[in-house]
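So you can see what is in the structure, the chains are spelled out below.
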Amino acid sequence: FYAMRLSNTTPSFELGVMNDPTDYSTFAPITQAYPSEVGPWELMEVNTSNYTGTGRYLAFRSNCYMFLDDITITEAPSCFHVSNVTIDSVTSASADLHWTAGATETAWDVVYGLHGTVDPDAAPYETVYGTPNTSIYSLLANSYYDVYVRANCGSTQSEWESASFWSGCEAIDM
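Below is a summary of the structure that appears in this document.

1. As for the sheet that holds strand β1 (residues 2-5)
In space, the 3 strands of this open sheet follow the order β4-β1-β6, with antiparallel pairing throughout. Two strands lie at the open edges of the sheet, namely β4 (42-43) and β6 (66-69), each paired on one side alone. Pairing between β1 and β4: 2 bridges, direction antiparallel. Looking across to β4, one finds that Tyr 2 is bridged to Leu 43.

Right, dumping it as structure tokens:
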């Protein structure tokens, strides 16, 4: 599903089940999930495969204002997508990328290029192993870039997650 948080309140958003949808006390939480920031729609994938209870109704509860959209219940993907792709330590020629792993994977594919010029499904990618971060180099100064990251689970890969950023300006000698 997609979620959008509308307030800066520290979120508490739970997905759970209920036996009686008219009786709040039957709510049994399964997991917590919430958008990382206020504003944009964020894709949320929740793995409930470890749930062993008997609840009959899917339920959500939150302490802050949120919108939910496109709620679907499907079999869990074999490879969960990454989230929270962030870029920092940006210079005119390099940047550091970080993301949150989708599950227990230890490999990720990374593609980057000038804004609007890269199709991540057609472009060559770098596979990063071990920890969910890497640095990218050989950037053009003062240019807008798109970055794509996906989990690489061996025989399958997740959907791509993306972020964009401006590279820094070059220093001018005066």
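2. Observations concerning the sheet that holds strand β13 (residues 161-166)
Think of a sheet as strands paired side by side through backbone hydrogen bonds, with each pair either parallel or antiparallel. With antiparallel pairing, the 4 strands of this open sheet are ordered in space as β10-β9-β12-β13. The strands lining the two open edges of the sheet, one partner per strand, are β10 (126-129) and β13. Across this sheet, the average inter-strand angle for adjacent strands is 30°, counted without regard to direction. Strand direction decides the pairing type here: strand β9 (residues 107-114) and strand β12 (residues 144-151), joined by 7 bridges, are antiparallel. Paired with Tyr 112 across the bridge in β12 is Val 147.

3. Things to note about the nonpolar core
In terms of nonpolar packing, the biggest core is built from 17 residues, with Val 82, Trp 99, Ile 136, Val 149 and Phe 165 touching the most fellow members. Here this core gets 4 residues from one element, more than from any other, and that element is β12. Core analysis: the next-biggest nonpolar cluster, separate from the first, contains 7 residues, Ala 3, Ala 33, Met 44 and Met 66 among them.

Quick notes on the rules
Residues numbered from 1 in each chain as written. Predicted model: local features only at pLDDT ≥ 70, side-chain atom pairs only at ≥ 80, totals over all residues. Heavy atoms only, no water. Pairing = 2+ DSSP bridges. Helix = DSSP H or I, 4+ residues; strand = E, 2+ residues; numbered from the N terminus. Axes fitted to C-alpha atoms, helices over the stretch in contact; angles between N-to-C directions. Core = buried A, V, L, I, M, F, W, Y, C linked by side-chain atoms within 4.5 Å. Buried < 20%, exposed > 50% of the residue type's maximum accessible area, 1.4 Å probe, protein only.

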